[in-house]
Amino acid sequence: MDSISRRHMLAATATGGLLTSVGLAHAQTAGSSIPQPQRPGHGGTDPGPRNLMRDRQNPDLLVPPSSDRGTLPNLRFSFSDAHVRLEPGGWTRQVTQRELGIAKSMAGVNMRLNAGGVRELHWHKASEWAYMLYGTARVTAVDSEGRYFVDDVGVGDLWFFPGGTPHSIQGLGPDGCEFLLVFDDGDFDEDNTFLLNDWFKHIPTDVLGKNFGVPASLFGHTPDESERYIFLAPLPGPLGSEAISGAKASETSYTWRMMEQVPIKTKSGTVRITDSRLFPISTTTAAALVEVEPGGLREVHWHPNGDEWLYVIEGQARMGVFAGQGQARTFDLQAGDVGYVPVAMGHYLENTGSTKFRFLETFKSDRFIDFSLDTWMAATPPGLVQAHLKLDPKVMSALRTNKALVVPE
């Protein structure tokens, strides 16, 4: 957005709150108290019905930067606009291709488990990558050889379960947990997983008896699936007490301590990259945790190996996306929002708030790969770059041959 229009929008946004109908009419007459879809020489006021709170949250939709062009689809959806499924042990909500039509390759789930709350034993076709947002949880899994895995995870930790791997999650004390799940399928639906209770209800009791080598009369009393899914159970004992008698522990770790990684640091932020090179089991999801200080920018770049499904943990930013063929759009993101950038589209994220902007970049890939506009130009013969752009010599001398990731460096 040009500096004049951005100053206008920021000043308007700072007023905050909703106005009464009388106050709204007065403000529209005054023309200075609420944001309007206009910049010098373009647009006009909006005197009709409007959602002022939404307009304040999305200044770059109301007044797009003059560089925006074309009809790119929506690339943002908020978990706050998603349906919440409430259960005895917590809640869950999801953003899939149904909610965000462009998101064909990935989907996400935001879940809360109360202390003792269990996401019942299950598996699904898609792989599951997770980031812990709050509290602590215990996760379990079993591999195809019958080897077990049990671990406790806290804020900033990851887990990854390949498609088909049976697993569970339980919130621990004192206040359970909240986490983000990312799946490598845009059509994923949290309500269509393979559930232990559901399966037991649909196997004849005589088959169950034969399978487990006990009388069939011992079955037929499985609780209804409506009583499970996310349900309350006693808190488990210490992690060391969870060893399974007669079974072997898995040699593979399904969890990773992302916050223990040494970050890439610049003056304006940090980046932690986790993919299969560090977390070997995570073969279909690569990720980066990015922190951008006020005024900083996740540099202009693109990813050649997959769509980017991003999630905002805290702060606010604007995301500018270039789709080629003269098409570009800008979206405003806040905590709890999902952004989506199709493969190879150029983009940036600029911190537009007064606090740190933290977000996750995730990809359906085993590797995190990005190309920097800055380093591309710096590593190209200067005369060739100049023939294209006719840049001031000061710009040419400022080009960096090493990626900064977050700028100013």
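Before reading on, note that the structure itself is shown above.
Residues numbered from 1 in each chain as written. Predicted model: local features only at pLDDT ≥ 70, side-chain atom pairs only at ≥ 80, totals over all residues. Heavy atoms only, no water.

K.L.:
Could you clarify how one ought to interpret the sheet that holds strand β19 (residues 286-292) in this entry?
P.N.:
Strands belonging to one sheet form pairs held by backbone hydrogen bonds; the direction of such a pair is parallel or antiparallel. One open sheet accounts for 7 strands, arranged β3-β24-β21-β26-β19-β18-β17; its pairing is antiparallel. Each of the sheet's edge strands pairs with one partner strand only, and the pair in question is β3 (76-78) and β17 (264-266). Averaged over all pairs of adjacent strands, the angle between strand axes in this sheet comes to 20°, irrespective of strand direction. Direction of pairing for strand β21 (residues 308-314) relative to strand β24 (residues 337-341): antiparallel, over a ladder of 4 bridges. Paired with tryptophan 309 across the strands is tyrosine 340, a residue of β24. (Pairing = 2+ DSSP bridges. Helix = DSSP H or I, 4+ residues; strand = E, 2+ residues; numbered from the N terminus. Axes fitted to C-alpha atoms, helices over the stretch in contact; angles between N-to-C directions.)

K.L.:
How should I be thinking about the sheet that holds strand β6 (residues 107-113) in this particular structure?
P.N.:
The antiparallel open sheet is built from 7 strands, whose spatial order is β4-β5-β6-β13-β8-β11-β16. The sheet is open, and its two borders are formed by β4 (84-87) and β16 (255-257), each paired with just one other strand. Taking the axes of each pair of neighbouring strands and ignoring which way they run, one obtains an average angle of 20° across the sheet. Pairing between β4 and strand β5 (residues 90-95): 4 bridges, direction antiparallel. From the neighbouring strand, leucine 86 faces β5, where its bridge partner is tryptophan 91.

K.L.:
How should the pairing of β24 be read in this particular structure?
P.N.:
Looking along a regular strand, one sees the side chains alternate between the two faces of the sheet. The element β24 is extensively covered by neighbouring structure, given that 5 of its 5 residues are classed as buried. Where burial is concerned, the two faces of β24 agree: the one with Asp337, Gly339 and Val341 and the one with Val338 and Tyr340 are both buried. Here β3 runs beside β24; their pairing, made up of 3 bridges, is antiparallel. Within the sheet, the bridge partner assigned to serine 78 lies in β24 and is aspartate 337. (Buried < 20%, exposed > 50% of the residue type's maximum accessible area, 1.4 Å probe, protein only.)

K.L.:
Help me out: how do you make sense of the nonpolar core in this one?
P.N.:
Generally speaking, soluble globular proteins have nonpolar side chains that are buried together. Membership of the largest hydrophobic core comes to 72 residues, with the highest contact counts inside it found for Leu100, Trp129, Tyr131, Trp159, Phe179, Trp309 and Met319. Not counting residues up to four positions away in its chain, the partners in contact with tyrosine 131 are Gly156, Asp157, Leu158, Phe179, Leu180, Met258, Met259, Leu289, Ile313, Arg358 and Leu360. (Core = buried A, V, L, I, M, F, W, Y, C linked by side-chain atoms within 4.5 Å. Contact = heavy atoms within 4.5 Å.)

K.L.:
Honestly, the pattern of salt bridges in this entry has me stumped. Any pointers?
P.N.:
As a working rule, side chains carrying opposite charge can pair if their charged atoms are close by. This structure, assessed with the given rule, holds 27 salt bridges. The partner of glutamate 291 in a salt bridge is arginine 358, and the shortest N-O contact between them spans 3.0 Å. With glutamate 291 in strand β19 and arginine 358 in strand β26 (residues 357-363), the pair connects residues that are 67 residues apart, well separated along the chain. Like glutamate 291, the residue arginine 358 is buried in the burial classification. (Salt bridge = Lys/Arg side-chain N within 4 Å of Asp/Glu carboxyl O.)

K.L.:
What is the right way to read the environment of serine 276 from this model?
P.N.:
For serine 276, the position within the fold is in the loop between β18 (269-274) and β19. For serine 276, a relative accessible area of 16% corresponds to the buried category. Taking the C-alpha atoms as reference points, serine 276 and alanine 287, separated by 11 residues in sequence, lie 9.8 Å from one another. Residues in contact with serine 276, not counting those within four places in the same chain, are Ser282, Asp366 and Arg367. A polar side-chain atom of serine 276 sits 2.8 Å from the main-chain carbonyl oxygen of aspartate 366. (Polar contact = N/O pair within 3.5 Å; in protein donor to acceptor, adjacent residues only side chain to side chain.)

K.L.:
Please explain the pairing of strand β13 (residues 177-183) as it appears in this structure.
P.N.:
For β13, the buried fraction is high: 7 of the 7 residues fall into the buried class. Burial of the side chains of β13 extends over both faces: Cys177, Phe179, Leu181 and Phe183 are buried on one face and Glu178, Leu180 and Val182 on the other. Of the strand pairs in this sheet, strand β8 (residues 128-135) and β13 are connected by 7 bridges, and their pairing is antiparallel. Residue pairing for β13: tyrosine 134 is matched across the bridge by glutamate 178.

K.L.:
Explanation requested: the packing of aromatic side chains in the structure shown.
P.N.:
Each aromatic ring pair is summarised here by two numbers: the centre-to-centre distance and the angle between the ring planes. Under the defined criterion, the tally for this structure stands at 16 aromatic pairs. Ring centres 5.0 Å apart and planes at 10° place the aromatic pair tryptophan 123 and phenylalanine 194 in the stacked group. Here phenylalanine 194 lies in strand β14 (residues 194-195) and tryptophan 123 lies in strand β7 (residues 117-123), a separation of 71 residues in the sequence. We classify phenylalanine 194 as partly exposed; its relative accessible area is 35%. Centre to centre, the rings of phenylalanine 200 and phenylalanine 219 are 6.2 Å apart; their planes meet at 55°, and the pair counts as tilted. You can see phenylalanine 200 sitting in helix α5 (residues 196-200) and its partner phenylalanine 219 sitting in the loop between α6 (205-212) and β15 (230-232), a full 19 residues away along the chain. These aromatic residues form a ring-pair network of at least three members: Phe149, Trp159, Phe161, Phe179 and Tyr254. The lysine or arginine in question, arginine 119, covers the ring of tyrosine 229, its NZ or CZ lying 4.1 Å from the ring centre. In this structure, arginine 228 packs its charged tip against the face of phenylalanine 231, placed 4.7 Å from the ring centre. (Phe/Tyr/Trp six-rings, centres within 6.5 Å; stacked < 30°, edge-to-face > 60°. Lys NZ or Arg CZ within 6 Å of the ring centre and 35° of its normal.)

Such coordinate-based values are descriptive only and should not be taken to indicate function.
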